Amino acid sequence: MTTQLAPAPAPASDTTARRDHIYPTLTAAQIARLAAHGRRRRVEPGEVLMPAGEPVTRLFVVLEGRVEGVRPSATGDALVVSLDPGMFTGEVTMLSGRHGLAQIRAASAGEVIEVGRDDLLALIQADGELNEIFMRAFILRRVELINRGVGDVVVLGSTHCQGTLRIREFLTRNGHPYTMVDLDNDAGVEELLGRFQVSAADVPVVICRGDVVLRNPSPQQIADALGFNDTIDQTQVRDLVIVGAGPAGLAAAVYGASEGLDVLVVESTAPGGQAGSSSRIENYLGFPAGIGGLELASRAASQAQKFGAQLMVGTGVSRLARGHTPYALEIGDGHRLPARAVIIASGAEYRRLQIDNLAQFEGAGVYYAAMFMEAQLCTGEEVVVVGGGNSAGQAAVFLAQSARRVHMVIRSDGLADTMSRYLIRRIEDHPAIVRHAHTEIVSLEGNGHLERVSWRDNQTGRLDKQAIRHVFTMTGAVPSTHWLGSCLALDDKGFIKTGPDLLPEDLATARWPLARAPHLLETSRPGVFAIGDVRSGSLKRVASAVGEGSIAIAAVHQVLHE
Ligand SMILES: Cc1cc2nc3c(=O)[nH]c(=O)nc-3n(C[C@H](O)[C@H](O)[C@H](O)COP(=O)(O)OP(=O)(O)OC[C@H]3O[C@@H](n4cnc5c(N)ncnc54)[C@H](O)[C@@H]3O)c2cc1C
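Structure report, in brief. (Residues numbered from 1 in each chain as written. Predicted model: local features only at pLDDT ≥ 70, side-chain atom pairs only at ≥ 80, totals over all residues. Heavy atoms only, no water.)

**Quick notes on the sheet that holds strand E2 (residues 39–43)**
Heads up, the condition is: By this definition, two strands are paired if DSSP reports at least two bridges between them. The numbering of helices and of strands both runs from the N terminus, where a helix is a DSSP run of H or I of at least 4 residues and a strand a run of E of at least 2. Every axis in this analysis is a line fitted to C-alpha atoms, fitted for helices over the stretch in contact. Angles between the N-to-C directions lie between 0 and 180 degrees. Whether two residues are in contact is decided by their heavy atoms, any of which lying within 4.5 Å being enough.
Spatially, E2-E8-E4 is the arrangement adopted by the three strands of the open sheet, whose pairing is antiparallel. Whereas interior strands pair on both sides, the edge strands pair on one side only; in this sheet they are E2 and strand E4 (58–64). Mean inter-strand twist for the sheet, computed between neighbouring axes without regard to direction, equals 35°. Direction of pairing for E4 relative to strand E8 (residues 110–116): antiparallel, over a ladder of six bridges. Looking across to E8, one finds that Val 62 is bridged to Val 112. Its contacts with the sheet put helix H2 (residues 28–35) on E4 and E8, and the angle it makes with E8 is roughly 55°. Where helix H4 (residues 117–126) meets the sheet, its contacts fall on E4 and E8, and the angle it forms with E8 comes to roughly 75°.

Set out below in structure tokens:
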């Protein structure tokens with residue numbers, strides 16, 4: 001039995017144009033160019049061309065007949081898409097090589113062109129017109145799958161639970177569609193839990209591909225169950241391994257891979273880094289209306305993968321082993337990734353509030369990102385944003401669209417000098433934003449979820465306790481360098497020193513072995529670079545992180561030829 005999955009949102013006037021972008025019909029000339037890189041073949045009705053849940057290795061262009069994408073399920077197959085002559089299969093898994101979400105099969109007898117994934121990637125790098133058609137279609141198709149909830153993952157959890165938010169963020173930021181079953185609101189949940197032999201105490205529970213049941217899983221367990229990293233050969237000696245897929249790491253991956261380097265990016269959670277947690281970045285060149293951090297990240301990740309870079313997610317680098325090239329980067333499960341050059345782009349993490357019971361409310365009322373998902377949780381309520389810098393300002397303005405009131409709790413005497421003028425104006429003009437200068441949070445209370453927040457005015461000593469259930473902390477960042485131990489020269493705040501910032505004594509301690517001085521972004525070890533927010537003295541901005549990503553690649557080429 002085949003059922004039709006929920007259709008995409010109701011058509012608007014531009015829907016036809018959008019559908020043409022998502023499911024374009026190729027011209028005869030475009031098909032001829034693809035045919036030169038693939039093979040024509042006949043297909044039989046019902047023939048499975050690509051099973052669901054296996055790494056995507058081929059794309060099909062329909063020449064005659066009809067090909068469909070279906071999601072097999074216990075209750076029958078659900079039709080995801082039906083493709084007529086001139087149309088082609090595939091979405092972003094074609095770029096990443098990850099497991100396909102739908103089964104591709106022939107709906108009738110016909111003819112297709114079958115193109116291998118590597119051949120397709122080579123073709124779209126060389127053919128500008130096909131590049132635009134395929135990249136746009138792949139990205140839009142994934143957006144459509146997410147919007148329609150077409151996926152192989154079900155999350156059973158509660159919107160008030162820390163673990164559930166963590167898992168939803170991991171899937172969302174990795175662009176993986178999932179269905180959420182809210183145990184607080186959904187009827188028939190008991191039956192569902194019983195079917196998978198899990199109890200309410202096991203939540204959040206993640207059901208992958210209908211059979212793998214994970215109880216409160218780590219990012220790595222989810223990545224493993226969904227085969228996110230299955231096609232990555234961990235023994236291969238790469239030209240370049242990049243640690244971190246924030247803007248800096250992704251930029252280095254795009255420039256490195258597009259210039260012919262064999263690149264692997266290792267990311268402990270999901271692409272995007274801090275920028276990925278921004279609701280809207282308005283000062284990045286080329287986006288006059290601003291761009292959501294998630295969108296910027298997913299576009300950059302697709303761009304890097306299009307050029308052949310590989311992206312390993314859900315597992316962090318835990319150590320840079322001593323010794324020289326090839327370097328060995330140890331990852332979570334103890335494996336060592338060999339690399340001829342290394343770029344460290346591990347960025348920074350939010351500073352945490354110094355409050356004893358903070359951990360109890362992280363994800364259950366205390367958040368480090370203000371995006372759509374978090375905004376939904378506090379619609380119509382009062383919220384607190386802690387901090388007076390750019391990220392706090394952005395969060396306050398964004399949350400004020402849906403929250404009843406936004407209290408900005410600022411320890412200094414007002415908004416930071418470094419905050420962009422446009423944000424200061426919006427905050428000052430917004431009737432729902434209240435600023436509390438010289439103030440800090442002193443206690444959090446609640447049972448399971450945050451219920452009350454107290455803050456103190458440090459000038460008057462006055463204490464204020466409010467029934468507020470949501471606190472967004474945006475109070476600056478500390479470098480993610482704990483995993484490096486003492487193997488590189490760091491400044492007194494823990495950021496990595498590079499190039500001219502490295503003093504003779506730093507190089508002596510590190511036993512710098514070369515006659516030449518370190519390159520601009522090179523650390524105290526030759527061939528190991530640091531870029532973006534993790535680098536001592538860097539400007540903490542998306543544009544500078546991206547710029548450093550491109551500059552570092554020029555130096556990587558030099559050291560690979562030394
Ligand atoms: C909410 C918010 C809003 C912002 N808005 C703006 C803005 O509007 N304009 C602007 O210019 N800047 C903005 N910024 C600053 C900007 O996002 C950062 O400067 C930029 O993201 C730095 O990029 P990065 O790649 O150096 O580091 P990060 O973005 O910090 O990325 C580092 C990545 O490395 C990963 N990682 C860390 N350790 C490891 C490890 N051991 N192994 C593997 N992976 C690891 C992390 O998970 C992360 O994904 C904002 C920041 C925030 C938090």
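From this point, things continue past the structure.
**A short note on the nonpolar core**
What counts here: Buried Ala, Val, Leu, Ile, Met, Phe, Trp, Tyr and Cys residues that are joined via side-chain atoms within 4.5 Å together make up what is termed a nonpolar core. When a residue's accessible area, from a 1.4 Å probe over protein chains only, is under 20% of the maximum for its type it is buried; when over 50% it is exposed; and in between it is partly exposed.
By size, the foremost hydrophobic cluster in this structure holds 45 residues, and its most contacted members are Leu 171, Leu 240, Ile 242, Val 263, Ile 343, Ile 531 and Val 556. If you tally residues by element for this core, the top one is helix H16 (residues 542–560), at seven residues. The residues contacting Ile 531, other than those within four sequence positions of it, are Ala 248, Gly 249, Ala 252, Ile 343, Ile 344, Ala 345, Leu 521, Glu 548, Gly 549 and Ala 552.

**Some thoughts on the pairing of strand E23 (residues 433–436)**
Note the threshold: We call a crossover right-handed when, viewed with both strands directed away from the observer, the connection leading from the first strand over the helix to the second proceeds clockwise.
Examined bridge by bridge, strand E22 (residues 405–409) and E23 share four bridges and lie parallel to one another. Residue Val 406 lies in a different strand from E23, and its bridge partner there is Ile 433. Where the polypeptide runs from E22 across helix H14 (residues 421–429) and back to E23, its parallel neighbour, the crossover connection is right-handed.

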